[in-house]
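# A look at the structure
Here is what each chain is made of, one letter per residue.
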Amino acid sequence: MEKIGLHEIREKFLEFFSSKDHLRQPSYSLIPQNDKSLLLIGAGMAPLKKYFTKEAVPPYPRMTTSQKCVRTGDIDNVGKTLRHLTFFEMLGNFSFGDYFKKEAIAWAWEFLTEVMHLPEEKLWVSIYLDDDEAHDLWRDMIGVPEEKIVRLGKEDNFWELEVGPSGPCTEIHYDKGEAFGCGRPDCKPGCDCDRFMEVWNLVFTQFDKDTQGVYHPLANPNIDTGMGLERIACVMENVESVYDIGAIHEIIDVVTEICGKGYGVNHDDDVYLRIIADHSRAMTFLVNDGVVPSNEGRGYVLRKLIRRAARQGMLLGIDHAFLEQPVRKVIDSWSVAYPELKENEHVILEVINTEEGRFKRTIVQGTDLLNEKMNELKKHKETVLSGKDVFELYDTYGFPPELTEEILKAEGLTYNHTEFKDNMEEQKVRARTALDRSDSGWKADGEAPDFEEYTCDFLGYEKDRSFSEITGIFKENIPVDDVSAGDHCVILLKETPFYGEGGGQVGDEGVIIGKTGKAKVLDTKKTKHGVVLHMCEMEEGVFALEDEVESIIDSKRRMDIKRNHSATHLLHAALREVLGSHVHQAGSLVAPDRLRFDFSHYTAMKPEEILEVEKLVNEKILESIPVITEVKPLKEAKDEGVIGLFEGKYGDEVRVLKMSKFSMELCGGTHVANTAEIGLFKITMETGVAAGVRRVEALTGHGAYQWLLNQEKTLQDVTDALRTTEDNVVKRTFDVLDELRDAKKEVQKLKADLAGDKAKGMEDAIQEHDGYQLIAKTFEGVQPNELKNMADELRNKHENLLVIFASVNGDTINLLTAATKALVAKGVNAGKVIKPIAQALGGNGGGKPDMAMAGAKDKDKLKEVFDHITNYL
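Source: prediction; values computed, not measured.

In this section: the overall build of the protein chain. For the protein chain, the count of helices and strands is 24 helices and 34 strands. Within the span of the protein chain, comprising 873 residues, buried residues form 49% of the whole. Taken together, the 109 basic and 151 acidic charged side chains of the protein chain have centroids lying 4 Å from each other.

Structure follows, in structure tokens:
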């Protein structure tokens, strides 16, 4: 049998089914599109689910893919067994009501025996118990001997969802030989031993299962097949495990070179190496598809994989960041089929390097704390760490609970999972109670009213003012018939130009005027049903139900909001162009005075990247691009490449906002008619708000102009203070800094001389104690640096000296302890010496063995403590 590698198998499979009139489709993203039921794609058919359920029309009746998949359900077994993987590729051919069992079985056999040249005598098949049609096709059409066709039950050979498409399946198995078997004469597929490897699963989706569990035959049944690329590669390369496949073993080889340990020498080391090899593939493809590390969802899956791989490196003795090297190997090897890996190489490496660096810092703090906790357990002969401690490690130090469990397990310990979950739930409750009580933004005490019975047409895309009828009035959460001057209330109208807060855009302000009264609109909210709530203060007269009124928004304020909202869309597009397609909106605020945009990105933006984004947005403003809005079917919008910022919140019809092809997004907010109306765009801040999430704040129009005026005034103030001109202000600033630096050096020298003089005057205060010399003194108004200089001066003159100083500076006591090298060598530790002294004075601190510092506040006890200083040693 010819040996064929993984990448060659993939290409042969796709070519084969292309020749059978299948549409060859590139792998879909690991991030599910328009499917909130999935966190990540974990099966070949998952991205095609809507074609099978008839929710969408496939691009062609026959398709073939090699689909990237990630599954983490069995992550604890990855590396420990020879077959579990988190990342794998699933080869598949699919028919949507076109061909059925006859063709699927014939082509599967043809590919394995004539393209892969697998010996027919090595192949067995299993079928569903009652599937006589498949049995007869295998026996009569293909010629598989009766004894090699195994009937199995529903658990093995039937595929179904709770409701919807379902049907029997047939599996092709490869016989690895008696050496891998159980020795029983009746050993065959379905046996628990390792002799028969399932290679290909052909699912015949021929039923539609209803809510009662009844199977209704489909008029046009489907075919869904799946063959694990790594599994068939094991067969074709004649190796025992997926980790011995050439392409994957090359990743292991990279890591063995880094750690200096061989594969196949030590069982534990082999497990660590396999985990790194597997996780390197998974993290590479996840980042390539736009996932960034975070503390939730798919971002948490990625963080877990990176940190778990880094942890295995530590167990192999690697004490530095190393994941870049195996990841480079993945990129080099898999880019033959996924060229985008090379295109995104810089982003992939930077995301993984950044997260590995974060973990290195976390692991030091977390491991020290966990070791303390484990030592306490062992000291008290206990084996279960409290869930509260595990939660603290996670919540405060970012230490993953899975890693805590792994480390505990290695020491024969565990933790209280129930208590940990309770702490996690309490945290979620605290977060939820911090939110408003309802989606309407209603903040009054008591239950929020139910506005479902009301309707309201929004006219604000075209109008700034309109006449309408009052349909509802609420005062202190209670519906009322009328309100009068001085009352705070919520007014509902049949029609309104007021925009209710939503999509990051703040609500409108303005006035509602009628024949009998006037109300100031302080804010505008919107319920999930689209009912606009006008938060009002009655300024004059009376309003009653069914009154005819005119509602008028603050047009100048609305225009500033429109500028900022359109600029937010330009900013999003510019960020994706400059930083990469992994950038996605994570939140926003569109106010009249500024805009704020949160987005997924793995590290702080560089100054040159900020400038490039700002320049690109301003270029689009100066191009005077028409801002076009269109209402169209959601599918049509997505086919055009329109970006939906938050999947799942749109209906069948969506509002699309376009600024040429540069920016095309779904949006329900208000916008300028032309980018030129934005005027000017200026980024004022870039910062991090969470792991993997960055924030940009910016100004447009009036706000940007005012910012420029403020900058000019600041520059003028600095120019006046330095007594120079604007042209010379930078040079003059550096000159002043140089002068200040020289002056500081002179001051430091004088202070050092003074410290030396003071130290000389302290010789008489040195006393003998317990075989070494000790000096303990207190001062008034001496700064910490001066204490350090005096201590250094004394240590230079004495071999076995321990220095203890305290200085009162305002309300604070600054403490310092210092030990000579000879004392440190004998076991004296300045950090341990200072701690009880600081605690006696109501403070705390620590430091290195040769010098430590602390702060305290109890000045009244200072004399007493230093009079009896030897009691604290």
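Picking up after the structure, the text goes on.
So, on to the packing of aromatic side chains. Applying the stated criterion across every chain, the model contains 27 aromatic pairs. Centroid distance Tyr99 to Trp107: 4.8 Å. Interplanar angle 80°. Geometry classified as edge-to-face. Centroid distance Phe158 to Tyr215: 5.6 Å. Interplanar angle 75°. Geometry classified as edge-to-face. With Phe158 in strand E6 (residues 158–160) and Tyr215 in strand E9 (residues 215–228), the pair connects residues that are 57 residues apart, well separated along the chain. Residue Phe158 is classed as buried on the basis of its relative accessible area, which comes to 13%. Counting every residue linked through ring pairs, the aromatic cluster contains Phe13, Phe16, Phe17, Phe111 and Trp200. The cationic tip of Lys154 hangs over the ring face of Phe158; the distance from NZ or CZ to the ring centre is 5.2 Å. Lying across the ring of Tyr461, Arg655 places its NZ or CZ 3.6 Å from the centre.

Right, let's talk about the pairing of strand E4 (residues 123–128) for a bit. Within E4, 6 of the 6 residues are buried, which leaves the element mostly enclosed by the surrounding structure. As judged from the 4 bridges shared by E4 and strand E7 (residues 164–175), these two strands associate in the antiparallel manner. Across the sheet, residue Val125 finds its bridge partner in E7, namely Ile172. As for the winding sense of the linkage, the β-α-β connection from E4 through helix H4 (residues 132–142) to strand E5 (residues 149–152) is right-handed.

Right, let's get into the nonpolar core. Among the nonpolar cores identified, the biggest contains 115 residues, and Leu112, Trp138, Trp200, Ile232 and Trp334 are the most heavily contacted of them. Sequence-distant contacts of Ile232, defined by excluding residues within four places in its chain, comprise Ile9, Leu91, Leu112, Leu118, Val199 and Met227. Judged by nonpolar contacts, the second largest core, of 29 residues, contains Ile610, Val617, Phe662 and Ile683.

Before going further, it helps to examine the sheet that holds strand E34 (residues 851–856). Here we have 6 strands laid out as an open sheet, ordered E29-E30-E31-E32-E34-E33, and mixed in their pairing. Unpaired on one side and paired on the other, strand E29 (767–769) and strand E33 (844–847) mark the two borders of the sheet. The mean angle between the axes of side-by-side strands here comes to 20°, regardless of whether they run parallel or antiparallel. Examined bridge by bridge, strand E32 (residues 812–819) and E34 share 6 bridges and lie antiparallel to one another. Each residue of the ladder has a partner; that of Ala818, found in E34, is Met851. Relative to the sheet, helix H21 (residues 784–797) contacts strand E30 (772–780), strand E31 (801–809), E32 and E34, its axis offset from that of E31 by approximately 160°. Most of the contacts of helix H23 (residues 830–840) go to E33, to which it runs at about 170°, and overall it touches E31, E32, E33 and E34.

On to the pattern of salt bridges. A pair can form between side chains of opposite charge whenever their charged atoms are brought close. Applying the stated criterion across every chain, the model contains 55 salt bridges. Between Lys154 and Glu160 there is a salt bridge, with the nearest N and O atoms lying 3.7 Å from each other. You can call Lys154 partly exposed: its relative accessible area is 38%. Residue classification places Glu160 among the partly exposed residues on the basis of a relative accessible area of 29%. Note that Lys494 is salt-bridged to Glu469, the shortest N-O span being 3.8 Å. Placement of the pair is Lys494 in the loop between strand E16 (488–493) and strand E17 (495–496) and Glu469 in strand E13 (residues 465–475), with a sequence separation of 25 residues. Lys494 sits in the partly exposed class, given a relative accessible area of 43%. In the salt-bridge network here, residues are joined through shared partners; they are Glu324, Arg328, Asp332, Lys342 and Glu345.

When two helices pack together, you describe them by how their axes are tilted relative to each other and by the distance separating the axes. Interhelical geometry of helix H8 (residues 267–288) versus helix H12 (residues 345–379) gives an angle of 120° and a closest axis separation of 9 Å. Regarding H8 and H12, the two cross each other, and that crossing is right-handed. Between H8, through Met283, Thr284, Val287 and Asn288, and H12, the contact on the second element is made entirely by Val347, Ile348, Val351 and Ile352. Tallied by class, the residues present in the contact of H8 with H12 amount to 6 nonpolar, 2 polar and no charged.

So, about unusual backbone geometry. At His117, a position not held by glycine, the phi torsion is positive, near 60°. Residue position: His117 is located in the loop between helix H3 (101–115) and E4. One non-glycine residue, Ser624, lies in positive phi territory at about 50°. Examined against the element boundaries, Ser624 turns out to sit in the loop between helix H17 (607–622) and strand E24 (627–633). Among the residues examined, Ser624 registers a relative accessible area of 36% and is labelled partly exposed.

Attention now moves to the side chain of Arg311. Relative to the helices and strands, Arg311 is located in helix H9 (residues 297–315). Those residues in contact with Arg311, other than ones at most four positions away along the chain, are Phe359, Leu403, Glu406 and Ile407.

This brings us to the packing of H12 against helix H14 (residues 401–410). The N-to-C vectors of H12 and H14 enclose an angle of 45°; their axes lie 11 Å apart at closest approach. Taken together, the axes of H12 and H14 are oblique relative to one another. The way H12 lies across H14 gives a crossing that is right-handed. For the pair formed by H12 and H14, the contact residues are Phe359, Ile363, Leu370 and Met374 on the first element and Leu403, Thr404, Ile407 and Leu408 on the second. The residue inventory of the contact of H12 with H14, partitioned by class, reads 7 nonpolar, 1 polar and no charged.

It is worth spelling out the side chain of Ser335 at this point. Along the polypeptide, Ser335 turns up in the loop between helix H10 (324–334) and helix H11 (340–343). Engagement of the side chain of Ser335 in a polar contact is seen with the backbone oxygen of Ile331, the distance being 2.9 Å. Discounting residues that sit within four places of it in the chain, Ser335 has contacts with Val330, Leu341 and Lys342.

The subject of this paragraph is H12. Taking 1.5 Å per residue, 35 residues should reach 51 Å; H12 reaches 49 Å between its end C-alpha atoms and fits that length. The axis of H12 is deflected most strongly, by about 25°, at Ile363. Just beyond H12, the residue with positive phi is Lys381, at close to 55°.

Within the protein chain, residue pLDDT values average 89, and 96% of them lie at 70 or more. Between residues 432–446, whose pLDDT stays under 50, and residues either more than four places distant or in other chains, the model counts 29 contacts.

In space, the 4 strands of this open sheet follow the order E22-E23-E28-E27, with antiparallel pairing throughout. Looking at strand neighbours, the two that pair on one side only are strand E22 (585–590) and strand E27 (681–690), the edges of this open sheet. Looking at each pair of strands side by side, their axes are set apart by 15° on average, direction ignored. In terms of strand pairing, strand E23 (residues 595–600) meets strand E28 (residues 693–700) through 6 bridges, oriented antiparallel. Each bridged residue has a counterpart across the sheet, and for Asp598 the counterpart in E28 is Arg695.

Glancing now at the environment of Met90. Positionally, Met90 belongs in strand E3 (residues 87–95). Taking the C-alpha atoms as reference, Met90 lies 9.7 Å from Arg231; in sequence the two are 141 residues apart. Apart from the residues within four sequence positions on either side, Met90 is in contact with Gly44, Thr65, Ser66, Gln67, Cys69, Gly226, Met227 and Gly228.

Here is what the cut-offs are and how they apply
- Residues numbered from 1 in each chain as written.
- Predicted model: local features only at pLDDT ≥ 70, side-chain atom pairs only at ≥ 80, totals over all residues.
- Heavy atoms only, no water.
- Helix = DSSP H or I, 4+ residues; strand = E, 2+ residues; numbered from the N terminus.
- Buried < 20%, exposed > 50% of the residue type's maximum accessible area, 1.4 Å probe, protein only.
- Lys, Arg positive; Asp, Glu negative; His and termini not counted.
- Charge placed at Lys NZ, Arg CZ, Asp CG, Glu CD.
- Phe/Tyr/Trp six-rings, centres within 6.5 Å; stacked < 30°, edge-to-face > 60°.
- Lys NZ or Arg CZ within 6 Å of the ring centre and 35° of its normal.
- Pairing = 2+ DSSP bridges.
- Right-handed = clockwise from strand over helix to strand, strands pointing away.
- Core = buried A, V, L, I, M, F, W, Y, C linked by side-chain atoms within 4.5 Å.
- Contact = heavy atoms within 4.5 Å.
- Axes fitted to C-alpha atoms, helices over the stretch in contact; angles between N-to-C directions.
- Salt bridge = Lys/Arg side-chain N within 4 Å of Asp/Glu carboxyl O.
- Left-handed = near helix turned anticlockwise from the far one by under 90°.
- Nonpolar A, V, L, I, M, F, W, Y, C, P; charged D, E, K, R; others polar.
- Parallel < 35°, antiparallel > 145°, perpendicular 65-115°, else oblique.
- Polar contact = N/O pair within 3.5 Å; in protein donor to acceptor, adjacent residues only side chain to side chain.
- Expected span 1.5 Å × (residues − 1).
- Bend = angle between axes of the 7 residues up to and from the residue.
- pLDDT = per-residue confidence, 0-100.

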